[in-house]
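Chain by chain, the residues:
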Protein chains: 2
Amino acid sequence: MRILGVDPGLRKTGFGVIEVQGQHLHYVASGTIIVPTDEPLAQRLQVILMHLREIVTMHQPTHSAVEQVFVNTNPHTTLLLGQARGAALCALADSGLEVHEYTALQIKKTVVGRGHAAKEQVQQMVQHLLRLNGTPAPDAADALACALCHAHHAPLQQRLLNQNTLTTTQLRTRGGRFIGK
Amino acid sequence: MRILGVDPGLRKTGFGVIEVQGQHLHYVASGTIIVPTDEPLAQRLQVILMHLREIVTMHQPTHSAVEQVFVNTNPHTTLLLGQARGAALCALADSGLEVHEYTALQIKKTVVGRGHAAKEQVQQMVQHLLRLNGTPAPDAADALACALCHAHHAPLQQRLLNQNTLTTTQLRTRGGRFIGK
């Protein structure tokens, strides 16, 4: 499983790719898409779309994960972030990837162990978990943390999915109740 | 000049294409992209991207226009609208179109003559200006109104652009002041 994590923003969009082999996590790539601020909005959003498309082509992820955002206190910022997020999400879906969303709380709990960890702690834990030589930049670290969160949750999701498939196809049920194999 | 107007929304995205030939405006096509509400967000945004791409391929617009939104009183709605708008804007830019943005006030003033016109008045004026047999659906009417607004403003923009080119290349100026040809 190769996961692309994305942290969308209208100035900087972070991305991070990791590879999961059994219990082992490997760093593949990460970086920040710098979005030109002097271009019209549509062109800025296109930059996000095009770069994410390139990253998918280059690193061939099989899954993608994006942080679920909550509304900002400043409604204007919420609208701008929403637009950047819209461009990123449809770029990932358009590249044929399933998109998984996680809240900041889930991500921090998975990576640091506490839901209210500081940004620096996330950066340090990402560095530690992926055995990196240096601390990744904040946006790239957030994207990698998001990918790590999916690496942690995906096997659980898969198990639940398999369980459900088992229930409906291989187990005998009556009125939704399990009555034996 | 063939203009594609878009009214983005996460449930319904309206579109309308008009052709401008000198002083004459011709209706080409319009409709509503119905976005499935039971799909994950990324897939819903991809529906907007894919349909707008198809519309561009089918009707070959040369320009595009989208309503500039203002933040909603409900921040959650603002975020959802922002994401739909982000998908629409990057779809248009990705199709190679310049994207022009107009405020609701500019659109209503251009189409109805008053900035605070009701939705029905916009629909009626769109029907009248484009000599349609029936009233277009609200989302399609808003998209057509946006295209009509650009048809009105584009020649002015072009004239200003030409003027600027003239000033800097063909006219003699000193300290920004015009001193003769």
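Thresholds, definitions, all that
- Residues numbered from 1 in each chain as written.
- Chains lettered and ligands numbered in written order.
- Predicted model: local features only at pLDDT ≥ 70, side-chain atom pairs only at ≥ 80, totals over all residues.
- Heavy atoms only, no water.
- Pairing = 2+ DSSP bridges.
- Helix = DSSP H or I, 4+ residues; strand = E, 2+ residues; numbered from the N terminus.
- Axes fitted to C-alpha atoms, helices over the stretch in contact; angles between N-to-C directions.
- Contact = heavy atoms within 4.5 Å.
- Salt bridge = Lys/Arg side-chain N within 4 Å of Asp/Glu carboxyl O.
- Buried < 20%, exposed > 50% of the residue type's maximum accessible area, 1.4 Å probe, protein only.

**Details of the sheet that holds strand β1 (residues 2-7) of chain A**
Residue and element names in this part refer to chain A.
Thinking step 1. With mixed pairing, 5 strands are arranged side by side in an open sheet as β3-β2-β1-β4-β5. Looking at which strands have only one partner, the edges of the open sheet turn out to be β3 (24-34) and β5 (99-103). With strand direction ignored, the average angle separating the axes of adjacent strands in the sheet is 25 degrees.
Thinking step 2. Pairing geometry for strand β2 (residues 12-21) and β3, over 10 bridges, is antiparallel. Counted as the bridge partner of F15 is G31 from β3.
Thinking step 3. Running at roughly 150 degrees to β3, helix α1 (residues 41-59) makes contact with β1, β2 and β3 of the sheet.
Thinking step 4. The sheet strands contacting helix α3 (residues 104-111) are β4 (63-68) and β5, and the helix crosses β5 at an angle near 85 degrees.

**Focus: unusual backbone geometry**
All names here are of chain B.
Thinking step 1. Unlike most non-glycine residues, Q60 shows phi in positive territory, near 45 degrees.
Thinking step 2. You can see Q60 is positioned in the loop between α1 (41-59) and β4 (63-68).
Thinking step 3. The phi torsion at R131 lies on the positive side, around 50 degrees, for a residue other than glycine.
Thinking step 4. Residue placement: R131 occurs in the loop between α4 (119-129) and α5 (138-169).

**Topic: the pattern of salt bridges**
Any two side chains of opposite charge can pair, so long as their charged atoms come close to each other.
Residues and elements named next belong to chain A.
Thinking step 1. This model, assessed by the stated rule, comprises 8 salt bridges over all chains.
Thinking step 2. For D142, the salt bridge goes to K119, with nearest N and O atoms at 2.8 Å. Of this pair, D142 sits in helix α5 (residues 138-169) while K119 sits in helix α4 (residues 119-129), placing them 23 residues apart in sequence.
Thinking step 3. Exposure remark for K119: the relative accessible area of 44% places this residue in the partly exposed category.

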